[in-house]
Amino acid sequence: MADKSFLNWPFFEDKHRALSEALEDWCAQNLPVDHNDIDAACKSLATALGSAGFLQHSGASEGESLDVRSLCLIRETLARHDGLADFAFAMQGLGMGAVSLFGSLEQRKWLEKTRAGTALSAFALTEPASGSDVANISCSARAEGDEFVINGEKTWISNGGIADVYVLFARSEDISGARGLSTFLVPADTPGLAIAERLRTIAPHPLARMEFTDMHLPAASLIGQRGDGFKIAMSVLDVFRSTVGAAALGFARRALDETLSRATERQLFGAPLADLQMVQGHIAEMAVDIDAAALLVYRAAWTKDMGATRISREAAMAKLYATDKAQEVIDKAVQIHGGDGVRTGSVVESLYREIRALRIYEGASDVQKIVIARQVLGAM
Ligand code: COS
């Protein structure tokens, strides 16, 4: 059973402890799911999380704000039980993040569906030539009368191919750099939108490369102001990067739980593994890394929930530290499991594959360092 003592930290309120308990019960009854057909699994996970009410936390209606501590707690808990469940929840939040933060009343109608689990959403930002360098986006949104005409490509789009609605970032202004981008809400059945390729990864999730050819969008598709696309993307990432750290934390906690069982049950040299000081050293380091990551994740979430407008530094620190340390924690778990640690289908083997992408998506570790350094230098 994972350590829950962190819930007594001053970052949390009773509603968070109640949420954690309810979700833990739900996970015990519903997870893990079969991963054979990941599209079907993600759809049914969204339906199940929606009907159980947990997806309500993935978005915010007009006048509400996202509770980042709840987002993080849910991701951490789901990730501890099943990475695909975490993914299904996370995408409803990230996909609709721009609508939660900046959407019009009409656009927010989609939120009712994504929060109920009856529609799936996706965040279409990355392009073949601009993953880390968002200001370099080249997908174009040409204004034509009261419409925008979209041409270009997006890649590594999570939920690509199964989403019902996409939030798309494209260049609407005739200027290069961050100020030329805008954000659009695009139903998946819009003519001109095509799923060009499904992408396979070491920990399979629904992912696609998409092409847009003369796709006409009404002006009402614009989320926020024209030219504000870069800032909208960064504001969404400020919220959701902490939650990536939370998912990493969930994976790391699971790796420690598995290690504790292994170390107490497995006999070596006539005694449990846990009697060996070198194993104890690993366990101590894993526990410290997990607590330090949790402090950074929930510090970032709490700071945002207390009303901070920008938490770039806190969110980047949380994501960088939690994902990098989770990788180390899981690697130690694999080592302590010996051959069973690399046996296909074992829990730690799947965690080992699952954690890797978190150090890349929503801003690679290297990008988080750039964000942190700029904030620290800027504060001088
Ligand atoms: N919230 C609001 N505004 C922000 C912001 C934030 N978090 N971050 C930057 N901005 C604003 C800046 O204040 C600046 O505004 P002004 O032009 O008014 O001064 C503008 O946006 C441009 O910012 P900056 O100069 O920092 O842009 P850069 O192109 O240098 O940004 C990084 C570089 C690397 C920080 C950025 O491109 C980034 O985060 N990349 C990673 C993206 C990512 O996560 N990709 C994965 C795809 S999603 S799976």
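Since the structure is predicted, the reported quantities are computational estimates derived from the model, not experimental observations.

What counts, and at which threshold
Residues numbered from 1 in each chain as written. Predicted model: local features only at pLDDT ≥ 70, side-chain atom pairs only at ≥ 80, totals over all residues. Heavy atoms only, no water. Helix = DSSP H or I, 4+ residues; strand = E, 2+ residues; numbered from the N terminus. Rg over C-alpha atoms; globule rule 2.2 N^0.38 Å. Contact = heavy atoms within 4.5 Å. Lys, Arg positive; Asp, Glu negative; His and termini not counted. Charge placed at Lys NZ, Arg CZ, Asp CG, Glu CD. Buried < 20%, exposed > 50% of the residue type's maximum accessible area, 1.4 Å probe, protein only. Pairing = 2+ DSSP bridges. Domains from an automatic or database assignment. Buried area = accessible area lost by both parts, 1.4 Å probe. Salt bridge = Lys/Arg side-chain N within 4 Å of Asp/Glu carboxyl O. Phe/Tyr/Trp six-rings, centres within 6.5 Å; stacked < 30°, edge-to-face > 60°. Lys NZ or Arg CZ within 6 Å of the ring centre and 35° of its normal. Near = heavy atom within 4 Å. Polar contact = N/O pair within 3.5 Å; in protein donor to acceptor, adjacent residues only side chain to side chain. Axes fitted to C-alpha atoms, helices over the stretch in contact; angles between N-to-C directions. Parallel < 35°, antiparallel > 145°, perpendicular 65-115°, else oblique. Left-handed = near helix turned anticlockwise from the far one by under 90°. Nonpolar A, V, L, I, M, F, W, Y, C, P; charged D, E, K, R; others polar.

As for the overall build of the protein
Move 1: Scanning the protein from N- to C-terminus turns up 11 helices and 10 strands.
Move 2: In terms of C-alpha radius of gyration, the protein reaches 21 Å, essentially the compact-globule figure of 21 Å for 380 residues.
Move 3: A principal-axis box enclosing the C-alpha atoms of the protein has dimensions of 80 × 50 × 40 Å.
Move 4: Sequence separation of 24 or more characterises 74% of the internal contacts of the protein that already satisfy a separation of 6 or more.
Move 5: Averaging the positions of the 38 positive and the 49 negative side-chain charges in the protein gives two centres separated by 4 Å.

Regarding the pairing of strand β5 (residues 181-187)
Move 1: The element β5 is extensively covered by neighbouring structure, given that six of its seven residues are classed as buried.
Move 2: Across seven bridges, the pairing between strand β4 (residues 165-171) and β5 is antiparallel. Residue pairing for β5: Phe169 is matched across the bridge by Thr183.

So, the domain arrangement of the protein
Move 1: The assigned domain composition of the protein is domain 1 (5-116), domain 2 (121-227) and domain 3 (230-378).
Move 2: In this assembly, 18 residues from domain 1 lie in contact with 21 residues from domain 2.
Move 3: Carbon and sulfur atoms supply 71% of the area that domain 1 and domain 2 bury against each other, a total of about 1,600 Å² over both sides.
Move 4: On the domain 1 side of the contact with domain 2, Phe87, Gln107 and Trp110 bury the most area, a combined 32% of that side's loss.
Move 5: Put simply, domain 1 and domain 2 have one salt bridge between them.
Move 6: Listing elements by their share of the side of domain 1 that touches domain 2, those giving two or more residues are α2 (38-51), α4 (83-95), α5 (97-102) and α6 (109-116).

Some remarks on the packing of aromatic side chains
Move 1: As enumerated under the stated definition, the model contains nine aromatic pairs in all.
Move 2: Taking the centre distance of 5.8 Å and the plane angle of 75° together, the rings of Phe6 and Phe12 count as edge-to-face.
Move 3: A relative accessible area of 4% places Phe6 in the buried class.
Move 4: Between Phe12 and Tyr298, the aromatic rings sit 4.8 Å apart at their centres with planes inclined by 65°, giving edge-to-face as the arrangement. Of this pair, Phe12 sits in the segment before α1 (14-30) while Tyr298 sits in helix α8 (residues 277-305); the two residues are 286 residues apart in sequence, bridging distant segments of the chain.
Move 5: Three or more aromatic residues joined by ring pairs make a cluster, and in this case those are Phe6, Trp9, Phe11, Phe12, Tyr298 and Trp302.
Move 6: Across the ring face of Trp110, the terminal group of Lys113 is positioned such that the distance to the ring centre comes to 4.6 Å.

Comments concerning the site of the ligand
Move 1: By nearness alone, 23 residues border the ligand, and Ser132, Arg179, Arg241, Gly363 and Arg374 come closest of all.
Move 2: A distance of 3.1 Å separates a nitrogen atom of the ligand from a polar backbone atom of Gly131.
Move 3: A distance of 2.9 Å is found between an oxygen atom of the ligand and a side-chain nitrogen or oxygen belonging to Arg241.
Move 4: Listing elements by their share of the shell around the ligand, those giving two or more residues are α7 (229-265) and α11 (365-378).
Move 5: By residue number, the principal contributor to the shell around the ligand is α7, which donates seven residues.

Some points on the packing of α1 against helix α3 (residues 68-81)
Move 1: The contact between α1 and α3 brings their axes to 10 Å, and the two run at 25°. As the angle between them shows, α1 and α3 are arranged roughly parallel. Our pair here, α1 against α3, has a crossing hand that is right-handed. Packed against α1, whose contacting residues are His16, Leu19, Leu23, Glu24, Trp26 and Cys27, the element α3 presents Arg69, Ser70, Leu73, Ile74, Thr77, Leu78, Arg80 and His81 at the interface.
Move 2: Partitioning the contact of α1 with α3 into residue classes produces seven nonpolar, four polar and three charged.

A look at the packing of α7 against helix α9 (residues 312-337)
Move 1: For the pair α7 and α9, the least separation of the axes is 8 Å and the interaxial angle reads 20°. Our classification of the angle between α7 and α9 gives roughly parallel. Considering the relative orientation of α7 and α9, their crossing is left-handed. Of the residues in α9, those in contact with Asp238, Arg241, Ser242, Val244, Gly245, Ala248, Phe251, Ala252, Ala255, Glu258, Thr259 and Arg262 of α7 are Ser312, Ala315, Ala318, Lys319, Ala322, Thr323, Ala326, Val329, Ile330, Ala333, Ile336 and His337.
Move 2: In terms of residue class, the contact of α7 with α9 is made up of 13 nonpolar, six polar and five charged.

So, the pattern of salt bridges
Move 1: Throughout the structure, instances matching the rule amount to 27 salt bridges.
Move 2: Of the charged contacts in the structure, one is a salt bridge between Arg69 and Asp67, with a shortest N-O distance of 3.5 Å. Each member of the pair, Arg69 as well as Asp67, is classed as buried.
Move 3: Across the salt bridge formed by Arg253 and Glu76, the nearest N and O atoms sit 2.3 Å from each other. Here the residue Arg253 occupies a position in helix α7, and Glu76 occupies one in helix α3, the gap between them amounting to 177 residues.
Move 4: Here the residues in one salt-bridge network are Glu13, Lys15, Asp67, Arg69 and Asp305, joined through shared partners.

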